[in-house]
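Chain by chain, the residues:
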Amino acid sequence: LDQSITNAEERIRETRAENDRLRGEVGDAQARNQALIGSGTNTLFADNLSDVPVLLVAAEGADETSRRNLVQVLNTAGAEFRGTLTVTGRIDLDDDQVANLGAQLDLDDPTRDEVLAELIDQFGAALASAGTAVDAGSDIPGGTTAPPTTAPGQTAPGQTAPTQTTPGDTATTLPGPVGGPVPPTTQPEVEPPDQPEIVTLMLEAGLLSFEAPAEAPTSGPLLSATGYRFVFVSGVGAAVPDTTFLLPTLRRMAAEGPVPVVLASAASGDDDRDAVVAGVRDDAELSRLVSTVDNLEWFNGLVSTVLGLEEIGRGARGHYGEGRGAAAPIPTGT
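Report follows, based on the coordinates. What you see is a predicted model, and the numbers here were worked out from it, not measured in a lab.

Thoughts on the sheet that holds strand E7 (residues 261-266)
Stage number 1. Judged by pairing direction, the sheet is mixed, and its seven strands sit side by side in the order E5-E2-E1-E6-E7-E8-E9 without closing on themselves. Each end of this open sheet is capped by a strand with a single partner; those strands are strand E5 (208-211) and strand E9 (319-320).
Stage number 2. Pairing geometry for strand E8 (residues 291-293) and E9, over two bridges, is parallel. The residue of E9 that forms the bridge with Thr 292 is His 319.
Stage number 3. Lying on the sheet, helix H5 (residues 197-204) is in contact with strand E2 (80-87) and E5; it crosses E5 at an angle near 100°.

Take a look at the structure:
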């Protein structure tokens with residue numbers, strides 16, 4: 001009995017020593033990971049996403065550290081970060097919400113599933129519309145070219161001074177505009193574009209919460225222009241299953257064509273590394289239209305997310321990381 005106790009105590013000491021060693025290795029790996037995030041991205045990205053509007057759509061309960069790191073990396077890449085919309089646990093509608101939202105959505109005595117389906121349909125459509133690519137050479141959001149802004153009496157480059165005629169008179173050049181002072185003009189105020197009503201409704205109902213970018217206390221109306229790219233962030237611990245809202249929203253967006261989305265997740269262990277992204281990777285149609293990253297908690301995953309957003313601009317999609325269905329550790333195309 002004494003010998004058995006001695007042997008057991010020895011095994012316990014060995015196990016503790018091994019655990020200490022493994023914890024040290026994990027700590028070292030995490031420190032290296034954080035160092036790469038802090039300094040490596042400055043060298044790697046060099047404004048890869050310069051002036052690209054990016055909005056995060058996160059599931060409440062997803063890994064907060066990974067999300068914060070992602071925001072840091074997006075800013076390093078020069079993205080025009082528009083903030084984070086978090087889908088809260090209130091999206092799992094109760095009876096009072098069903099009644100109130102049904103009335104606001106003009107639904108007649110709806111069920112919970114009908115209200116949820118309408119929210120998904122309108123929210124997905126708003127995201128898809130904002131994700132429409134801006135036409136090449138466009139000067140203003142929406143893909144249209146801004147008209148020349150020449151004040152009355154001025155001549156635009158390459159044009160001659162305007163003339164004015166009256167019946168019976170010969171054409172005479174208007175005095176003063178060329179080479180002289182231009183009279184003051186009053187430009188009409190341009191109304192800012194509206195935020196989609198569904199976004200406002202969901203924010204007011206607490207189904208969504210918004211965190212503005214740190215660099216700008218207010219970011220203006222959301223989804224009111226085109227050219228957006230999105231990162232959907234989820235993972236183990238999400239307050240509501242992804243099959244309830246995020247994945248159906250992606251499918252609604254995909255009904256409009258290829259989706260400017262990278263779905264990224266942070267895993268707490270190898271067993272659940274592909275739990276979130278599997279909904280896209282296992283769907284033959286959706287997997288062609290949406291990119292995924294399954295290791296957002298690591299530097300490689302952050303790199304894949306940024307490069308995945310960049311390659312969307314070239315019309316490419318891919319699946320990256322370490323889990324089932326990943327085609328490569330990181331994007332490699334140019």
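Comments concerning the layout of surface pockets
Stage number 1. What the largest pocket holds in volume is close to 400 Å³.
Stage number 2. In terms of lining, the largest pocket is formed by 21 residues, of which the most central are Gly 131, Thr 132, Ala 133, Tyr 228 and Pro 260.
Stage number 3. Grouping the amino acids of the lining of the largest pocket by side-chain chemistry returns 11 nonpolar, six polar and four charged.

Some points on empty space enclosed by the protein
Stage number 1. Under the defined criterion, the tally for this structure stands at one cavity of 30 Å³ or more.
Stage number 2. Taken as a whole, the largest cavity spans an internal volume of roughly 80 Å³.
Stage number 3. Lining the largest cavity we find Ala 59, Glu 60, Val 87, Ala 239, Val 240, Pro 241, Asp 242, Phe 245 and Leu 246.
Stage number 4. Residue composition of the lining of the largest cavity, by class: seven nonpolar, no polar and two charged.

Remarks on the pattern of salt bridges
Stage number 1. The tally for this structure, following the rule as stated, stands at 14 salt bridges.
Stage number 2. In this structure, the salt-bridge partner of Glu 64 is Arg 68, at a minimum N-O distance of 2.9 Å. On the criterion of helical spacing, the pair formed by Glu 64 and Arg 68 is a turn pair, its members being four residues apart in helix H2 (residues 64-76).
Stage number 3. Residue classification places Glu 64 among the partly exposed residues on the basis of a relative accessible area of 36%.
Stage number 4. Among the ionic pairs, Glu 211 bridges to Arg 67, the shortest N-O distance being 3.2 Å. Of this pair, Glu 211 sits in strand E5 while Arg 67 is found in helix H2, placing the two residues 144 residues apart along the sequence.

About the thresholds
- Residues numbered from 1 in each chain as written.
- Predicted model: local features only at pLDDT ≥ 70, side-chain atom pairs only at ≥ 80, totals over all residues.
- Heavy atoms only, no water.
- Pairing = 2+ DSSP bridges.
- Helix = DSSP H or I, 4+ residues; strand = E, 2+ residues; numbered from the N terminus.
- Contact = heavy atoms within 4.5 Å.
- Axes fitted to C-alpha atoms, helices over the stretch in contact; angles between N-to-C directions.
- 1 Å grid on protein atoms, 1.4 Å probe; cavity = no way out; pocket = protein on both sides within 12 Å on 5 of 7 lines; lining within 4 Å.
- Points joined across faces, edges and corners; volume = space filled by probe spheres on them.
- Nonpolar A, V, L, I, M, F, W, Y, C, P; charged D, E, K, R; others polar.
- Salt bridge = Lys/Arg side-chain N within 4 Å of Asp/Glu carboxyl O.
- Buried < 20%, exposed > 50% of the residue type's maximum accessible area, 1.4 Å probe, protein only.

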